Amino acid sequence: MRKGVLLICLCLSLATARGQEVTPPQGRFDRDTVKLGQLVQYTLVHHHPAAQEVVLPGTKYNFKPFELVSKAFFPTTTRAGISTDSAVYTLRTFEITPIQQLALPVYLLHAQDTLQVYASPDTVLLQQLVTHIGEPLAIKADTRLAPVEERFNWPVVLLYVVAGVVFLCLVWFAFGQALKRKYKLYRLRKDHVYFASRYTSHVDRFVKSGATQSMEKAVSLWKNYLTKLERSAINSFTTKEIVEYYDDNEDVNTALRLCDRAIYGNLLTEADTETNEALGMLRRFASGRYETQREMIRNAKYQR
């Protein structure tokens, strides 16, 4: 019990001695009156012994009834053993209380203890811009919907339609033939790529297996491709008629007769070199006709 009393007396004496050593900070506004939302600066200055550690309020401090906009801290200066810490806080208020005051503290650090010392409160007056508030106006509630006639803006729609048609006509007049030519070339190339892929597939199967069915499919595909390319019913022609159609072309004549002999004469037991060469001749001939048609489209002169 005696030890407890002595400990309490010791703490009270230390607190009293510390309170005697502490000098309160000085806090002042830079003006006496302020408008709602107007910026005002509050300067906080504290003089203390150089050995004493002091912390000024930061951005997380509650400046109520003011709001912190920005802060500016200045380096500590020391003369004759006395240090000076200072900061300027830019504040604003949206409270409508006529008289508003603020007193900021400084925090004194000593061992494991922290002591708050407040400056004397400083006051600003809120400048009232509205001096008289009249009686509130009576508001008449009317929740009924007013009927509005629905109208379709035909003139504007017609204007857009006419403008669109004129624009498309101009585009077609200027670029129509070129676009048409490009589209034909695109379709021509797409069809040729498809033919070449399918034809190669049939030929590869024929080379691997020697089956005449693969050769027959390749020749049929060749005829159908040329039918579309030449816009003529070549797939319904006989071998003789096809040769005559292409002005007795020697490669076509030789290739088709070798293929006919292998398919209909049943004279082929495996894919020999001669038959493979015949299929290659048909492929090269189709590629040549494709190149011819492509050049014809590129060099064609359309009459407008």
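Everything that follows concerns the structure shown earlier in this document.
It should be emphasised that the depicted structure is a prediction, and the values quoted were computed from it without experimental measurement. (Residues numbered from 1 in each chain as written. Predicted model: local features only at pLDDT ≥ 70, side-chain atom pairs only at ≥ 80, totals over all residues. Heavy atoms only, no water.)

Moving on, we get to the overall build of the protein chain. Within the protein chain, the secondary structure is distributed over six helices and 10 strands. The proportion of buried residues among the 304 residues of the protein chain is 28%. Counting contacts in the protein chain only where the partners sit at least 6 residues apart, residues at least 24 apart contribute 64% of the total. Just so you have it, the protein chain exposes about 21,900 Å², and 57% of that area is on carbon and sulfur atoms. (Helix = DSSP H or I, 4+ residues; strand = E, 2+ residues; numbered from the N terminus. Buried < 20%, exposed > 50% of the residue type's maximum accessible area, 1.4 Å probe, protein only. Contact = heavy atoms within 4.5 Å. Areas by Shrake-Rupley, 256 points an atom, 1.4 Å probe, with all protein chains shown as cover.)

The biggest cluster of nonpolar side chains holds 32 residues, and the ones touching the most others in it are Tyr199, Met215, Trp222, Leu226, Leu279 and Leu282. Elements with a minimum of two residues in this core: α2 (154-209), α3 (212-230), α4 (239-245), α5 (250-264) and α6 (273-299). Look past the residues within four positions of leucine 226 in its chain and what remains in contact with it is Arg231, Ile234, Tyr246, Phe285, Ala286 and Arg289. Within the second largest apolar cluster, 21 residues are counted, among which are Phe29, Phe63, Leu102 and Val106. (Core = buried A, V, L, I, M, F, W, Y, C linked by side-chain atoms within 4.5 Å.)

Another aspect to go through is unusual backbone geometry. Cis geometry is found at the peptide bond from lysine 64 to proline 65, where omega equals 10°. In this fold, proline 65 is placed in the loop between β4 (53-55) and β5 (66-79). The phi torsion at alanine 80 lies on the positive side, around 55°, for a residue other than glycine. Despite not being glycine, aspartate 247 shows a phi value in the positive range, around 60°.

Taken in spatial order, the three strands line up as β4-β8-β9 in an open sheet, and their pairing is antiparallel. The open sheet has two free edges, formed respectively by β4 and β9 (113-118), since each of these has just one partner strand. For this sheet, the mean inter-axis angle between neighbouring strands, taken without regard to orientation, is 30°. Judged from the six bridges that link them, strand β8 (residues 105-110) and β9 form a sheet pairing that is antiparallel. (Pairing = 2+ DSSP bridges. Axes fitted to C-alpha atoms, helices over the stretch in contact; angles between N-to-C directions.)

The subject of this paragraph is the environment of threonine 114. As for its position among the elements, threonine 114 is in strand β9. Given the relative accessible area of 46%, threonine 114 is considered partly exposed. Residues contacting threonine 114, with those up to four places away along its chain left out, are Tyr107, Leu108 and Leu109.

On to the environment of arginine 198, then. Mapped onto the fold, arginine 198 is located in helix α2. The class for arginine 198 is partly exposed, based on a relative accessible area of 35%. Along the primary structure arginine 198 and alanine 218 are separated by 20 residues, whereas in three dimensions their C-alpha atoms are 8.0 Å apart.

The subject of this paragraph is the packing of aromatic side chains. For the coordinates displayed, the defined rule picks out 12 aromatic pairs. Measuring from ring centre to ring centre gives 5.1 Å for phenylalanine 29 and tyrosine 42, while their planes differ by 70°; the resulting arrangement is edge-to-face. One end of the pair, phenylalanine 29, is in strand β1 (residues 26-29); the other, tyrosine 42, is in strand β3 (residues 40-49), and 13 residues separate them in sequence. For the residue pair phenylalanine 29 and tyrosine 42, the accessibility class agrees, reading buried in each case. (Phe/Tyr/Trp six-rings, centres within 6.5 Å; stacked < 30°, edge-to-face > 60°.)

Another point: the packing of α2 against α6. Two numbers describe how α2 lies on α6: the axes approach to 10 Å, and their chain directions differ by 175°. Relative to α6, the element α2 is oriented roughly antiparallel. Listed contacts from α6 to Arg181, Lys184, Leu185, Leu188, Arg189, His192, Phe195, Tyr199, Thr200, Val203, Phe206 and Val207 of α2 are Thr275, Asn276, Leu279, Leu282, Arg283, Ala286, Ser287, Tyr290, Gln293, Arg294, Ile297 and Arg298. Residues belonging to the contact of α2 with α6 are distributed by class as follows: 12 nonpolar, six polar and six charged. (Parallel < 35°, antiparallel > 145°, perpendicular 65-115°, else oblique. Nonpolar A, V, L, I, M, F, W, Y, C, P; charged D, E, K, R; others polar.)

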